[in-house]
Amino acid sequence: ETGVTQSPTHLIKTRGQQVTLRCSSQSGHNTVSWYQQALGQGPQFIFQYYREEENGRGNFPPRFSGLQFPNYSSELNVNALELDDSALYLCASSSGTSGGADTQYFGPGTRLTVL
Amino acid sequence: DAKTTQPTSMDCAEGRAANLPCNHSTISGNEYVYWYRQIHSQGPQYIIHGLKNNETNEMASLIITEDRKSSTLILPHATLRDTAVYYCIVRVDGYGQNFVFGPGTRLSVLP
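Below is a summary of the structure that appears in this document. (Residues numbered from 1 in each chain as written. Chains lettered and ligands numbered in written order. Predicted model: local features only at pLDDT ≥ 70, side-chain atom pairs only at ≥ 80, totals over all residues. Heavy atoms only, no water.)

1. A look at the overall build of chain B
- What chain B contains, in helices and strands, is zero helices and nine strands.
- Put simply, chain B runs from its N terminus to its C terminus through helices and strands in the order β-β-β-β-β-β-β-β-β.
- Whereas a compact globule of 111 residues would reach a radius of gyration of roughly 13 Å, chain B reaches 13 Å, a difference of no more than 12%.
- Over its C-alpha atoms, taken along the principal directions, chain B stretches across nearly 40 × 30 × 25 Å.
- Taking all 111 residues of chain B together, the buried fraction comes to 45%.
- For chain B, restricting intrachain contacts to residue pairs at least 6 apart in sequence, the fraction spanning at least 24 positions comes to 57%.
- Accessible surface computed for chain B: about 5,700 Å², of which carbon and sulfur atoms make up 47%.
- Side chains of chain B carry 9 positive and 10 negative charges; the gap between the two charge centres is 1 Å. (Helix = DSSP H or I, 4+ residues; strand = E, 2+ residues; numbered from the N terminus. Rg over C-alpha atoms; globule rule 2.2 N^0.38 Å. Buried < 20%, exposed > 50% of the residue type's maximum accessible area, 1.4 Å probe, protein only. Contact = heavy atoms within 4.5 Å. Areas by Shrake-Rupley, 256 points an atom, 1.4 Å probe, with all protein chains shown as cover. Lys, Arg positive; Asp, Glu negative; His and termini not counted. Charge placed at Lys NZ, Arg CZ, Asp CG, Glu CD.)

What follows is the structure in structure tokens.
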């Protein structure tokens, strides 16, 4: 069973640029959630995708957008990058079921630095 | 905002049990208690979760008080590799429910 994978591992961009981060969900999982983790803080929820539709969003501006593909992999896109977007971006997948079984499993993250 | 409070940091001697407390006094009847840990900027690692009953797996035990207002994560024989930030989270069951992380407890296992 393959776990959650993310690419790239590290990324350096300049202010105003656009970035795309990628996530492959764990086998058998149809739900992907994205989180942003600034240095020294806990992860903050960005949004979730379930069967290719956005299924919940945190307090992030519209320049943060996403996609989920038929194979349940996902992309996070950030436009007009700002210095404060520098963070570890985490993807988590889950099976999308209820009954206490919807545990999220996290990938290793993508470290984004905006200069 | 996170619905849990945890100590900022704790130390534990290697080989001893690490007992990490968590207060969740406003927990609702349909909210589970989850524990994750994060080792030095890696992705958070799932440890255990429970609703009412105590739970045990190969990593840890979770003790939930009868009134469900607090819980304790127990690592029975802490090793240096257990040094990490531990997050206690309460979350409603079901898909579409995200995790709200607080600052967690930084556990240092000392040789």
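2. Topic: the packing of aromatic side chains
- Counted under the stated rule, the structure contains 15 aromatic pairs over all chains.
- A ring pair is formed by Tyr 34 of chain B and Tyr 36 of chain B, whose centres lie 6.5 Å apart and whose planes are at 20°; its orientation type is stacked.
- The exposure class assigned to Tyr 34 of chain B is buried, which follows from its relative accessible area of 1%.
- What links up through ring pairs into an aromatic cluster is the set Tyr 35, Phe 45, Tyr 105 and Phe 106 of chain A together with Tyr 34, Tyr 36, Tyr 46, Tyr 87, Phe 99 and Phe 101 of chain B.
- The residue whose ring lies beneath Arg 91 of chain B is Phe 99 of chain B, and the NZ or CZ to ring-centre distance is 4.3 Å. (Phe/Tyr/Trp six-rings, centres within 6.5 Å; stacked < 30°, edge-to-face > 60°. Lys NZ or Arg CZ within 6 Å of the ring centre and 35° of its normal.)

3. Focus: the sheet that holds strand 1 (residues 5–7) of chain A
Residue and element names in this part refer to chain A.
- Reading across from one edge, 1-3-8-7 is the order of the four strands in this open sheet, with antiparallel pairing throughout. The two strands at the open ends of the sheet, each matched to only one other strand, are strand 1 and strand 7 (64–68). Direction aside, the axes of adjacent strands within the sheet are offset by 20° on average. (Pairing = 2+ DSSP bridges. Axes fitted to C-alpha atoms, helices over the stretch in contact; angles between N-to-C directions.)

4. Some words on the pattern of salt bridges
- Applying the stated criterion across every chain, the model contains six salt bridges over all chains.
- The salt bridge involving Arg 63 of chain A is made with Asp 85 of chain A; its shortest N-O contact spans 2.8 Å. Here Arg 63 of chain A, found in the loop between strand 6 (53–57) and strand 7, pairs with Asp 85 of chain A, found in the loop between strand 8 (74–78) and strand 9 (87–94); they are 22 residues apart in sequence, far enough to count as distant. The residues Arg 63 of chain A and Asp 85 of chain A share a single accessibility class, namely buried.
- A salt bridge links Glu 31 of chain B to Lys 3 of chain B; its shortest N-O distance comes to 2.8 Å. Of the two residues, Glu 31 of chain B is situated in strand 3 (residues 31–38) and Lys 3 of chain B in the segment before strand 1 (9–13); the sequence distance between them amounts to 28 residues.
- On the basis of relative accessibility, which here comes to 34%, the residue Lys 3 of chain B falls in the partly exposed class.
- Where salt bridges share partners, they join Arg 63, Glu 82 and Asp 85 of chain A into one cluster. (Salt bridge = Lys/Arg side-chain N within 4 Å of Asp/Glu carboxyl O.)

5. Quick notes on the nonpolar core
- In terms of nonpolar packing, the biggest core is built from 21 residues, with Trp 35, Leu 73, Tyr 86 and Leu 107 of chain B touching the most fellow members.
- Listed by contribution, the elements that provide at least two residues to this core are strand 2 (18–23), strand 3, strand 4 (45–50), strand 6 (61–64), strand 7 (70–75), strand 8 (84–92) and strand 9 (105–110) of chain B.
- The element contributing the most residues to this core is strand 8 of chain B, with four residues.
- In this structure Tyr 86 of chain B touches Gln 6, Leu 20, Trp 35, Tyr 36, Arg 37, Ile 47, Leu 73, Leu 75, Gly 104, Thr 105 and Leu 107 of chain B, once residues within four positions along its chain are discounted.
- Counting residues in each nonpolar core, the second largest holds 20 residues, with Ile 46, Tyr 49, Cys 91 and Val 114 of chain A among its members. (Core = buried A, V, L, I, M, F, W, Y, C linked by side-chain atoms within 4.5 Å.)

6. A look at the sheet that holds strand 5 (residues 55–56) of chain B
All names here are of chain B.
- Strand order in the open sheet made by the four strands is 2-7-6-5, with antiparallel pairing throughout. Unpaired on one side and paired on the other, strand 2 and strand 5 mark the two borders of the sheet.
- When strand 5 meets strand 6, the two strands line up antiparallel, connected through two bridges. When the bridges of strand 6 are listed, Thr 56 appears paired with Ser 61.

Keep in mind these numbers describe shape, not what the thing actually does.
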